[in-house]
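# Coordinate analysis (summary)
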Amino acid sequence: AAGDGAGSGAGGSPEAPAGGTGGGGWRRPHGPLQRYYGPSAAEAAEAAPDPTDINGPHFDPEVFMTKVRSECPLGQLLAREAALGREIRALDSDMQTLLYENYNKFISATDTIRKMKVDFRHMEAEMDDLAANMAAISASSARVSAALQDRHRRGAQLAGTGLGGGWPPGGRPGPPGPVSLSPVSPQGCRRCCGSCRRWWSRAARERVDRYLRALQTFFLGCLGDVRQALAAPRPPGKEGPGLPDLLATLAASVLGQLKAVLAYVQLFTARDVAFASLPYFKGEFCVAAVREGLVVAFVRWLCRTARGFADGPAERGAPAAPPALLLLLARLCLDYENSTISYILTLTDEQFPPQDCGPAVTPGPALCAEARAAAQRLLDHYVQVQGAAVAQMLRKSVETRDWLGTVEPRNVRAVMKRVVEDITAIDVQVGQLFEEGVRRAQSSDSSRRAFSVYSSSRAPGRYAPSYTPSAPMDTHLLSNIQKLFSERIDIFSPVEFNKVSVLTGIIKISLKTLLECVRLRTLGRFGLQQVQVDGHYLQLYLWRFASDERVVQGLLDEVAASAAHRCLDPVPMEHSVVELICERG
C-alpha cells in the first residue's frame, strides 16, 4: 500500500489502479463502504424492501437483471459495468488504507507488552488498553472484510450476466488484493511483534515481485511500440523516427520506469514509517529483495528477452524479428554493458545501502558480461540474417540462368546492382547505431584492380596464351597453388561492434554463397565472361565497405577460378571491354 499515494497513476506508478483519485493523500472510507453500514433504524423502518438495490440487504440478482435488461440501453449497461469495477477497486483501496492507518495500534500494542515487562504495577490497565486496541482493530477489519466479500460475491453473481466487476483483462497490475485480519484475543498478543514482522516482510517481497512483473510488462510494451514504428508504412517523402531516436526513447523509458519503481520501493525504508525500523528492512530487504530480486533480476531478464530474438524464433516457430530490431537491441545491450548497469547498481546501493555482513550480491562485471554476450549474439544474428537475404538473391540468379546457352554479355546483370544497393542501405542502417571501425589501408588502385579469371597473383596478359582448352590441367593446378598461398577466410566468425566489421561479415556470407553456387554449374564461353563482368562490378563497389579489400578480392578470385574450371570453352573477355561494360552499367 506504500506505493499508492500522491502522484501515482499511469504516468508515474508502474501499477496505476484504474479509477484512481488522482489527488494527494489517503482516501477516507466512503461510498460503498459507508453504504455497507446501512441506514439508520428510522430510515430502515420507513424504507420498503427493494430487491433491485445492489447495496441493500434484500438484493435479488435475477430481479435486478430483469429490470436492467428491460429498462437500460447497451451504453448504460456498459457504464454500469465500469461503475461496479470502480466500486470494487475503491473497497480494496479502503481496506489497504484501514490496514495502514491502524498499524500504529499494532506498534502501540508491542510497546505496551514491553512496558509490562518493566513495571508490573500497571499490568492490568495496560492489558485492558491492549485488549481494547486489538478489539477495535479486529472489529473494523471484520466489517471491512465482510463488506468486501459481500461486494465480491455480488459481483460474481453478476459476472455471468456480463455486469460483474473485476480487474481489466490485459491491463497493468492493480494494487494488492484485500487482506483479512482475524480477530485477535488478548492471549495472542504475545505473538503480535513476530507476526507483524513476518507479515510485513512477506508483504514487501510480494510487492517487489509485483513491481518486477510490472517492469517486464512495461519493457515488452515498449518493444511492441518499437516494432510497430519499424513496420509502419511511410508516405513518399516522409521519413519516420530513425533508429537513434527509437533507441533513445526505449532506453530512457525503461530507465525512467526502473527509477520510479525504486522510488516507490524506498517507501518501505522511509524514516516516518513505523515498520521500517524492523531489522529486515535495514538489511535483507535492501539486498535480497531490492538489489537482487528486483534490479539484478530485471536486467538479467531484459538480456535474456533481447537474446531470445536471436535464439528463439527457430526453436519456437515464431516469426523472425526484423533486422532493424536485432540491431537496436544489440546496441541497447551494449550500452547496458558500457554504462547503464553500473549506473543502475550505483543508484540502487545509494538508495538501499547494503550492510557489511549482509548476503552476497551479484558483482557488476558479471552482469555486464551477460549484457555483452547478449549484444554479441544479436549482432552475429543480424549479420547472418542480412547476409542470408543477399545470398538468396545471388543463389536464385545463378540457379535460374542458362550458363551454357547465354549470349555474349553486354551489361551487368540487374541482380548485381541490387546487391550493391542493398549493401549500401545496410551500411547506412548500421552506421546509425555503431561507430565506423578501422579499415586496413587500401592500395591506391583498389577500385581499378583487374578482375582475373586466373588468380589474384598473375596478370591476364602474361598467362592468357597458355590458358586454352588444350591444357586443362593448367587451370586446375594453378587454382590449387593459389589456395595454398592464399589467406584462409573465416566466413562465420564473430563480428566486432563497429560498422566495418558488420558489413565485412555480410559481404563474406554473400560472396561465399555465390562461390558455392558457381561451383555447381557448367558454363559456356559467354557464361564465363558474364561471371567475369559481374565479378568486376562487385569489386568496383564492395571493397569500400569491407575492413580489408583483400577479403573481397580473394573471394571474387575464387569465384572466377571456379567459373573457369567449370567452363567448357574458357576464353575470357578482354579486361578493357569488361571495364567499359561496368562503367556503362
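Below you will find a few notes about this structure. (Residues numbered from 1 in each chain as written. Predicted model: local features only at pLDDT ≥ 70, side-chain atom pairs only at ≥ 80, totals over all residues. Heavy atoms only, no water.)

## Re the pattern of salt bridges
Applying the stated criterion to the full structure yields 20 salt bridges. The salt bridge involving Asp534 is made with Arg413; its shortest N-O contact spans 2.7 Å. Of this pair, Asp534 sits in helix H17 (residues 525-542) while Arg413 sits in the loop between helix H12 (364-399) and helix H13 (414-431); the two residues are 121 residues apart in sequence, bridging distant segments of the chain. Just as Asp534 is buried, Arg413 falls in that class too. (Salt bridge = Lys/Arg side-chain N within 4 Å of Asp/Glu carboxyl O. Helix = DSSP H or I, 4+ residues; strand = E, 2+ residues; numbered from the N terminus. Buried < 20%, exposed > 50% of the residue type's maximum accessible area, 1.4 Å probe, protein only.)

## Some thoughts on the packing of H12 against helix H16 (residues 499-518)
Here H12 crosses H16 at 30°, and the two axes come no closer than 8 Å. Classified by the angle their axes make, H12 and H16 are roughly parallel. The handedness of the crossing between H12 and H16 comes out as right-handed. In this structure, H12 contributes Leu379, Tyr382, Val383, Gln384, Gln386, Gly387, Ala388, Val390, Ala391, Leu394, Arg395 and Val398 to the contact, and H16 contributes Val502, Gly505, Ile506, Ile509, Ser510, Thr513, Leu514, Cys517 and Val518. Residue composition of the contact of H12 with H16, grouped by class: 14 nonpolar, six polar and one charged. (Axes fitted to C-alpha atoms, helices over the stretch in contact; angles between N-to-C directions. Parallel < 35°, antiparallel > 145°, perpendicular 65-115°, else oblique. Left-handed = near helix turned anticlockwise from the far one by under 90°. Contact = heavy atoms within 4.5 Å. Nonpolar A, V, L, I, M, F, W, Y, C, P; charged D, E, K, R; others polar.)

## Overview of the packing of aromatic side chains
Ring pairs (aromatic) are described by centroid distance and by the angle formed between their planes. Scanning all chains against the criterion turns up five aromatic pairs. Taking the centre distance of 5.8 Å and the plane angle of 80° together, the rings of Phe219 and Trp301 count as edge-to-face. Within this pair, whereas Phe219 is found in helix H7 (residues 192-231), its partner Trp301 is found in helix H10 (residues 284-316), the two being separated by 82 residues in sequence. Trp301 matches Phe219 in its accessibility class, with the two residues each being buried. (Phe/Tyr/Trp six-rings, centres within 6.5 Å; stacked < 30°, edge-to-face > 60°.)

## So, the packing of helix H8 (residues 243-265) against helix H11 (residues 323-351)
Following both chains from N to C, one finds H8 and H11 inclined at 30°, their axes separated by 10 Å at the closest point. Classified by the angle their axes make, H8 and H11 are roughly parallel. Note on packing geometry: the crossing formed by H8 with H11 is right-handed. Where H8 abuts H11, its residues Leu243, Leu246, Leu247, Leu250, Ala251, Val254, Leu255, Leu258, Lys259, Leu262 and Ala263 lie against Ala324, Leu327, Leu328, Arg331, Leu332, Asp335, Tyr336, Tyr343, Ile344, Leu347, Thr348 and Gln351. Here the residues of the contact of H8 with H11 sort into 18 nonpolar, two polar and three charged.

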